[in-house]
Amino acid sequence: MHMNSAPHLLTEDRPEYERILDDALRHAHERPDLAAVGERLNAVQLRTMALDATTLITATAATEYEHYVKAREELRGPAEGASEDPDPGYGTIRRNQSGAGIGAVVTVLAPVLAGTSAFIFLLAGYLLKLLSPPPSFASTMVAAGWFFAAVMAAAILAAAVGLLVTALRNGSAPLPAEDLGNELPEDVARAREAWRHALLERGILPFLRDALADPDAGRAARTPHRSANRIPKIGYSRPDFTSPDEGPAAGPRPTFTSPDFTSPDFGGPEHETD
């Protein structure tokens, strides 16, 4: 964006422009100079015209908008630099989160594996004890099953403690700057308010007054060059009906004639065909 000329309205600021325009049209009945809204041009038509003339309207507040964009870019500068050189505390949080991810996998798998092993060993051990005589290793399998059951209980307890510690740690961790709120610094807020005020008083309101005062504003689509400096071309127009003699010459049209009916030729033998 070249700051030497009128800055073009950025995409992120277009919704703000539309909000200011809508607010002006919503409260038009409170302004005597806009009391004619709805008589010849309604709010929808005026809004369409103002959106078509966005470049003309925003140019009236170019200086304030340039200052606002500069202040906003200066505010975003340190944040962009922080992404290249991350804050140590924030980097520690991210490393802790990656470590917590591995710990979460182990915490989930340990009770499952221990519980499965305990079930298999206990089932096989007690089934073997039903045999007569029971094998000597049946008691060993039962003991292994109870061991894995104890491991499962310990893993579940450790998982509960780990979740509690993680919740407490995340609750006390500092939030990034963008999560602390949407409040702008004082200089940026002042620049934004100055742009909004200039856009409304020097751009939108004069445009609406000129549109309402111009008797041909409703027919701007038919005569778009009449007041191109203030009144934009409306996005719709009536169809152009022309007389048949206008336009390119039409090609030859086929002609239709009625068939030639004649009475039969009754005559003497001299009229007979050879």
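Draft legend 1. Broad picture of the packing of aromatic side chains. Across all of its chains, the model carries four aromatic pairs by this definition. Look at Tyr68 and Trp195: their rings are 5.8 Å apart centre to centre, the planes differ by 15 degrees, and that puts the pair in the stacked class. Highlighted residues: Tyr68 in helix α4 (residues 62–84) and Trp195 in helix α7 (residues 186–213), separated in sequence by 127 residues. You'll find Tyr68 and Trp195 in the same group, each marked buried. Put simply, the rings of Tyr65, Tyr68 and Trp195 pair up and form one aromatic cluster.

Draft legend 2. Representation of the confidence of the model for the protein within the structure. Across the protein, the average pLDDT comes to 74, with 61% of residues at 70 or higher. Note on residues 173–181: pLDDT is under 50 here. Beyond four places in sequence and across chains, it has four contacts. In the predicted structure, residues 221–230 sits below a pLDDT of 50 and forms 15 contacts with residues beyond four places in sequence or in another chain.

Draft legend 3. Summary view of the environment of Ala155. For Ala155, the position within the fold is in helix α6 (residues 138–172). Non-local contacts of Ala155, meaning those with residues more than four positions away in its chain, are made with Ala110 and Pro111.

Draft legend 4. Broad picture of the pattern of salt bridges. This model, assessed by the stated rule, comprises 15 salt bridges. Put simply, Glu12 and Arg72 hold a salt bridge, and the shortest N to O gap is 3.7 Å. With Glu12 in the segment before α1 (14–26) and Arg72 in helix α4, the pair connects residues that are 60 residues apart, well separated along the chain. Judged by its relative accessible area of 8%, Arg72 falls in the buried class. Taking the shortest distance from any N to any O, the salt bridge between Arg47 and Asp22 comes out at 2.6 Å. Here Arg47, found in helix α2 (residues 43–52), pairs with Asp22, found in helix α1; they are 25 residues apart in sequence, far enough to count as distant. The class for Asp22 is partly exposed, based on a relative accessible area of 23%. Taken together, the shared-partner salt bridges connect Glu16, Arg19, Arg192, Glu193 and Arg196 into one network.

Conventions and cut-offs
Residues numbered from 1 in each chain as written. Predicted model: local features only at pLDDT ≥ 70, side-chain atom pairs only at ≥ 80, totals over all residues. Heavy atoms only, no water. Phe/Tyr/Trp six-rings, centres within 6.5 Å; stacked < 30°, edge-to-face > 60°. Helix = DSSP H or I, 4+ residues; strand = E, 2+ residues; numbered from the N terminus. Buried < 20%, exposed > 50% of the residue type's maximum accessible area, 1.4 Å probe, protein only. pLDDT = per-residue confidence, 0-100. Contact = heavy atoms within 4.5 Å. Salt bridge = Lys/Arg side-chain N within 4 Å of Asp/Glu carboxyl O.

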